Amino acid sequence: MKNSIAERVYDFLKTYPPFNLLKADDLLAISTQVSILYLEKSDNLYEKGESFKNQFYIVRNGGIALLHTKSNNIQEVINICDAGDVFGVRPLIAKENYKLTASANEESIVYAVPIEIFQSVTNNNASVQKFLITAFATNAYDPYTAEEYGKIFVDYLPNNPQDIVNFQTANYSKNPITCDTTATLKEAAIKMSAHKIGCIIVVDNEKRPTGIITNSDIKNKIATGLYPIDTSVKNIMSSPVYTNKKDLTVADGQLQMIKHNIGHLCITKDGTVNSKLIGVLTHHDILVTLGNSPSVILKEIKRAKRTKTLRAARLKANALLKSYLEQSIPLSHIIKIISQINDTVTIRAIEIALKKMPSPPPVAFAWLAIGSQGRKEQLLFTDQDNAIVFANVDDENYEATQKYFLELAKHVTKSLNKIGFEYCEADMMASNTEWCKSISEWKHQFNDWILSPDEKAILLASIFFDYSCVYGDSSLTDELTEFIYKTLDESALFFKFLGRDALKNPSPLGFFRQFVYEKSDDKKDLFNIKSRALMPLIDAARLLTLFNKIKSVNNTYERYEKLAEIEPNNKELYESCSYAFKALSKFKTKQGLLHNNSGKLIEIESLTKEEQLKLRRCFKPISEIQETLKLKFDLKNFV
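Just so we're clear, the structure is a prediction, and the values are computed from it rather than from any experiment. (Residues numbered from 1 in each chain as written. Predicted model: local features only at pLDDT ≥ 70, side-chain atom pairs only at ≥ 80, totals over all residues. Heavy atoms only, no water.)

## With respect to the pairing of strand S16 (residues 365-369)
Successive residues of a regular strand alternate their side chains across the two faces of the sheet. As a reminder, the rule being used: Think of it in three bands: residues with accessible area under 20% of the maximum for their type are buried, residues over 50% are exposed, and the middle band is partly exposed, with areas taken using a 1.4 Å probe on protein chains only. Only DSSP runs of H or I reaching four residues or more are called helices, and only runs of E reaching two or more are called strands; each is numbered from the N terminus. At least two DSSP bridges between two strands are required for those strands to pair.
Counting buried positions over the five residues of S16 gives five, a clear majority of the element. By the alternation rule, side chains of S16 split into Phe365, Trp367 and Ala369 and Ala366 and Leu368, which are all buried. Taken together, the four bridges between S16 and strand S19 (residues 468-472) define a ladder with antiparallel strand orientation. If you follow Ala369 over to S19, its bridge partner there is Ser468.

In structure tokens, the structure reads:
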């Protein structure tokens, strides 16, 4: 390389994205055509409304402020770009005039990269395009610009062969073997034997599926003498059947089988039991397609007889989680799979614990998951948060009944701890008398929290509002939920307290758009992605969900999606919050797997420029949703 200036440019560019994604020869070709610009403080590189130039920029030294000019000519800092930050990419992406003003925040040196040469060497490079879209969205004034193009969260779209397998249409068996409802079991069994199949679908006279008979049904109901061989198929079949439309994906089919604990899914013309059967998707079909499946892990969990076996099975879920993240499987799918595994682990731990008890439960009860497991968004091992609600008993039997469930809870929490879920430091577990109560006592507790709110009440209520029934009598939790929503109607003040709590963590970015770090000695210079980014989104979603009386939607991203449906005026904001939550959750999980911890504390300086850009991009909806809460709940003078 003879051009020493180009050589210095090359050496700088090769360390920053997207240039580090290019081949050496291509980057050299670009470096030889880069212009070097020197700016004094407050010099403008371009201004809002100015025609686009045939170049974009990367900061070599100093800092460039990107400013949005409001209608009253007041300028608002959107971002401060420092060394290695790319900006001014609107001409590259959208061929539009500049929407922001780029001004030197200090004495700066900027490299101007010609678009023509850059495009000629990066055409069809998906990684480069994805980075530029992210940079564009990060520096855009309108936080929803990128969503309009549907590209910013491209991480969540399938982009490699394994993804394609998961999201391709499921390959089900067409022209399934059937028998009608008037057939005998013997006739059905002869058909199954002749076709060498393990199941047969029972259909009505319009070929609609009404039931299914499997080898297991014949073994359990005929071979045992429960029914004669010439009994009607209607006495043997499992009914109703689960159905879906023909265009379901492998991932969707897998999820339904896990959810309903079934091995066969009927494919019908319109996806319901009211239309003609056109095929059958089996668990075997899924396994053949995927090569492996979380179903295997779930089976292992359900068969486990000891905590040690449960732990081994749950650890496999971590490997599955890592694999899914590496394959860029959509986080919404990952969350559902891992949540199902976590719930199944808890259920099995309870079943094992019940066998250790001297007698069956004295009354009906429900085991509640609260916190992140209650929201069904627990991906890594975290602290346990759980509770028990049991049916009302006479006063004279209350203490003995509570004692029974406390003993049960001790067995369960001990097992969960051995599996990998740490004990809750605040002792918010069902083994604590405070969190193991009858339905009446729980109603009394929530009544106090809602009608006499204070900081402690809001803290506890926030955690317990995210409950879900994992095991036991769900009618108890349904009753509790109805009571809570009825009580909420009596206290507008409670929403203000929840709103104030949701604002306790302001924007994760400081005035100059820099990350806000922790200040305590043991966490100094670390960024807490959980408290500063995820919790504001979680708290806001919970408050808005309660206010709108949305039931049975616990997951944060699903809460925002539901809010987008019922409040179309805020649709873009809520969808942006949903996307941001998924992206931040994915980021935290990746960090946790990388460092074998919770992933909540991040050393920002260890991140690449691209990762820092993505994080900043996700923070934009946080301040906007908090401003929305201030207006909606009149919190300006309450905070």
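## Here we look at the sheet that holds strand S13 (residues 243-244)
Pairing in this open sheet of four strands is mixed, and the strands run S9-S15-S14-S13 from one edge to the other. Edge strands, defined here as strands with exactly one partner in the open sheet, are strand S9 (173-174) and S13. In terms of strand pairing, S9 meets strand S15 (residues 277-282) through two bridges, oriented antiparallel. Across the sheet, residue Ser173 finds its bridge partner in S15, namely Val280.

## Re the side chain of Thr282
Applied cut-off: Contacts between residues were defined by any pair of non-hydrogen atoms, one from each residue, lying within 4.5 Å.
Assignment of secondary structure puts Thr282 in strand S15. Contact partners of Thr282, with chain neighbours within four places excluded, come to Met257, Gly263 and His264.

## Looking at helix H14 (residues 307-326)
The following threshold applies: The span expected for a helix works out to 1.5 Å for each residue beyond the first. Picture the helix axis, draw a direction to every C-beta atom, and the arc is the one those directions span.
The end-to-end C-alpha distance of H14 is 29 Å, a good match for the 28 Å that 20 residues give at a rise of 1.5 Å each. When H14 is considered as a whole, its buried residues turn out to be Thr307, Leu310, Ala313, Arg314, Ala317, Asn318, Leu320, Leu321, Tyr324 and Leu325. All buried residues of H14 project into a common sector of 165° when viewed along the axis, lining one side. Facing away from the buried side of H14 by more than 90 degrees, the exposed set consists of Lys308 and Glu326. For H14, the elements touching its buried residues are helix H11 (250-260), helix H13 (294-303), helix H15 (331-356), helix H17 (395-419) and helix H24 (571-595).

## Points about the packing of aromatic side chains
Note the threshold: A pair of aromatic rings is counted whenever rings of Phe, Tyr or Trp (Trp by its six-membered ring) have centres within 6.5 Å, and the orientation is called stacked for planes under 30 degrees apart, edge-to-face for over 60 and tilted otherwise. Charge-over-ring placement is defined geometrically: NZ (Lys) or CZ (Arg) within 6 Å of the ring centre, and within 35 degrees of the ring normal.
Taken as a whole, this structure holds 29 aromatic pairs when the rule is applied. Aromatic pair Phe56 and Phe118: ring centres 4.9 Å apart, planes at 75°, arrangement edge-to-face. You can see Phe56 sitting in strand S3 (residues 55-61) and its partner Phe118 sitting in helix H4 (residues 115-122), a full 62 residues away along the chain. Both residues of the pair, Phe56 and Phe118, count as buried. Geometrically, the ring pair formed by Trp442 and Phe464 is tilted, given 5.4 Å between the ring centres and 40° between the ring planes. Taken as a pair, Trp442 in helix H18 (residues 439-451) and Phe464 in helix H19 (residues 455-464) lie far apart in primary sequence, 22 residues in all. The burial state of Trp442 is the same as that of Phe464; both residues are buried. Connected via pairs of aromatic rings, a cluster forms that spans Trp435, Trp442, Phe446, Trp449, Phe464, Phe465, Tyr467 and Phe494. The aromatic ring of Trp442 is capped on one face by Lys437, whose charged end is 5.5 Å from the ring centroid.

## Considering the sheet that holds strand S12 (residues 209-214)
What counts here: Each axis is a line fitted through C-alpha atoms, and for a helix only the stretch in contact is used; angles between axes span 0 to 180 degrees, taken between their N-to-C directions.
In spatial order, the strands read S10-S11-S12; together these three strands make up an open sheet with mixed pairing. At either end of the open sheet lies a strand with only one pairing partner, and these are strand S10 (178-180) and S12. Looking at each pair of strands side by side, their axes are set apart by 30° on average, direction ignored. Two strands pair when backbone bridges link them, and strand S11 (residues 199-203) and S12 are joined in this way by five bridges, in the antiparallel orientation. Opposite Ile201, over in S12, you have Ile212 as the bridge partner. Each of S10, S11 and S12 touches helix H8 (residues 185-195); the most contacted strand, S11, lies at about 130° to it.

## Some words on a positive patch on the surface
For clarity, the threshold we go by: The residues that make up patches have over 30% relative accessible area and no salt bridge, and they are joined within 9 Å when like-charged or within 5 Å when they are Val, Leu, Ile, Met, Phe, Trp or Tyr. Reported accessibility uses the Shrake-Rupley method at a 1.4 Å probe radius. Residues are deemed covered only where the shown protein chains occlude them. Salt bridges are counted wherever a side-chain nitrogen of Lys or Arg sits within 4 Å of a carboxyl oxygen of Asp or Glu. Here the positive residues are Lys and Arg and the negative ones are Asp and Glu; neither His nor the chain ends is included. Just so you know, the charge point we use is NZ for Lys, CZ for Arg, CG for Asp and CD for Glu.
There is a patch of like positive charges on the surface, built from Lys191, Lys207, Lys246, Lys269 and Lys276. Assignment of secondary structure puts Lys269 in the loop between strand S14 (264-268) and S15. A relative accessible area of 66% means that Lys269 is categorised as exposed.

## So, helix H22 (residues 529-547)
For clarity, the threshold we go by: Fitting axes to the seven residues that end at a residue and to the seven that start at it, the angle between those axes gives the bend at that residue.
Helix length check: H22 (19 residues) gives 26 Å between terminal C-alpha atoms against 27 Å at 1.5 Å per residue, within 8%. The sharpest bend along H22 comes to roughly 40°, located at Met535, with the proline Pro536 sitting one to four residues further on. Of all 19 residues in H22, 16 are buried, a share of seventy percent or more. Lys549 sits one or two residues past H22 and shows a positive phi near 55°.

## Thoughts on the environment of Ala364
Note on placement: Ala364 falls in the loop between H15 and S16. In contact with Ala364, not counting residues within four places along its chain, are Phe390, Ala391, Asp473 and Leu476.

## Observations regarding the packing of H18 against helix H20 (residues 474-488)
Let me state the cut-off plainly: Roughly parallel means an angle under 35 degrees; roughly antiparallel, over 145; roughly perpendicular, 65 to 115; everything else is oblique. Two helices cross in a left-handed way if the nearer one is turned anticlockwise from the farther one by less than a right angle. They cross in a right-handed way if the turn is clockwise. Lys, Arg, Asp and Glu make up the charged group, whereas Ala, Val, Leu, Ile, Met, Phe, Trp, Tyr, Cys and Pro make up the nonpolar group; the residues left over, Gly among them, are polar.
Packing of H18 against H20 brings their axes to within 10 Å, and their N-to-C directions diverge by 25°. The angle between the axes of H18 and H20 places the two elements in the roughly parallel class. Pair H18 / H20 crosses with right-handed handedness. Where H18 abuts H20, its residues Ile439, Trp442, Lys443, Phe446, Asn447, Ile450 and Leu451 lie against Leu476, Glu479, Leu480, Phe483, Ile484, Thr487 and Leu488. Across the contact of H18 with H20, the residue classes break down as 10 nonpolar, two polar and two charged.

## Remarks on the environment of Ser108
Put simply, the test is: Definition of a polar contact: a pair of N or O atoms within 3.5 Å, with one able to donate and the other able to accept a hydrogen when the atoms are protein atoms, and with sequence-neighbouring residues admitted only if both atoms are side-chain atoms.
Take Ser108: it is sitting in strand S8 (residues 108-114). Given the relative accessible area of 1%, Ser108 is considered buried. Each C-alpha atom, one on Ser108 and one on Lys41, is 7.5 Å from the other, the two residues being 67 residues apart in sequence. Ignoring anything within four residues of it in the chain, the contact list for Ser108 reads Leu37, Tyr38, Leu39, Asn61, Gly62, Gly63 and Ile64. Among the polar contacts listed, one links the side chain of Ser108 to the backbone nitrogen of Gly63, at a separation of 3.1 Å. In this structure the side chain of Ser108 is engaged in a polar contact, spanning 2.7 Å, whose partner is the backbone oxygen of Glu106.

## Overview of the pattern of salt bridges
Enumeration over the complete set of coordinates arrives at 24 salt bridges. Close ionic contact of Lys53 with Glu50 constitutes a salt bridge, the shortest N to O distance being 3.5 Å. Here Lys53 falls in the partly exposed class, since its relative accessible area comes to 25%. Here Glu206 makes a salt bridge to Arg208, at a shortest N to O gap of 3.7 Å. Its relative accessible area of 26% is what places Arg208 among the partly exposed residues.

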